[in-house]
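A structural walkthrough
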Amino acid sequence: MSDDVRLVAWVRGRVQGVGFRWFTRAKALEIGGLSGFALNLGDGRVQVVAEGSRERCEGLLEWLQAGDTPGRVDGVTEIWDTPRGGYEGFAVR
């Protein structure tokens, strides 16, 4: 599984109080094979951490950037890393 990656994305815009984390979890489950979480940050952004194949993580990132999300996404900043593991499924925190 050398193609497994860790995506950390920070989503900014009107993404809190609109069900964004729940829809992100639903999309991750729809894509399948992803583990991680979506978390509200104190500055109004949502942090999304996803681990799985690069193709599946890229699919989630494309969805985050596409604007087919609740609320309004003004931008997404992401970093890629090696997976750390330790997640069971995809959670809303």
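Residues numbered from 1 in each chain as written. Predicted model: local features only at pLDDT ≥ 70, side-chain atom pairs only at ≥ 80, totals over all residues. Heavy atoms only, no water.

Going by the annotation in an unreviewed UniProt entry, the name recorded for the protein chain is acylphosphatase, with Streptomyces griseomycini given as the source organism. Listed under Sequence similarities (unreviewed entry) in UniProt, the entry text for the protein chain is "Belongs to the acylphosphatase family." UniProt lists a comment for the protein chain under the heading Catalytic activity (unreviewed entry), and it reads "an acyl phosphate + H2O = a carboxylate + phosphate + H(+)". (UniProt positions renumbered as here; feature names shortened; annotations may be inferred.)

Details of the UniProt feature "active site" (unreviewed entry) in the protein chain
When the UniProt feature table is mapped to this numbering, "active site" (unreviewed entry) covers Arg21 and Asn40. Taken along the chain, the residues just named run across 20 residues; in space they keep tight, none of their C-alpha pairs more than 7.7 Å apart. Looking at the secondary structure, you find Arg21 in helix H1 (residues 20–31). Once residues within four sequence positions are removed from consideration, Arg21 is found in contact with Ala38, Leu39, Asn40, Val46, Val92 and Arg93. When you line up the elements, Asn40 lands in strand S2 (residues 35–40). What Asn40 contacts, discounting residues up to four positions off in sequence, is Val15, Gln16, Arg21, Arg45, Val46 and Arg93. (Helix = DSSP H or I, 4+ residues; strand = E, 2+ residues; numbered from the N terminus. Contact = heavy atoms within 4.5 Å.)

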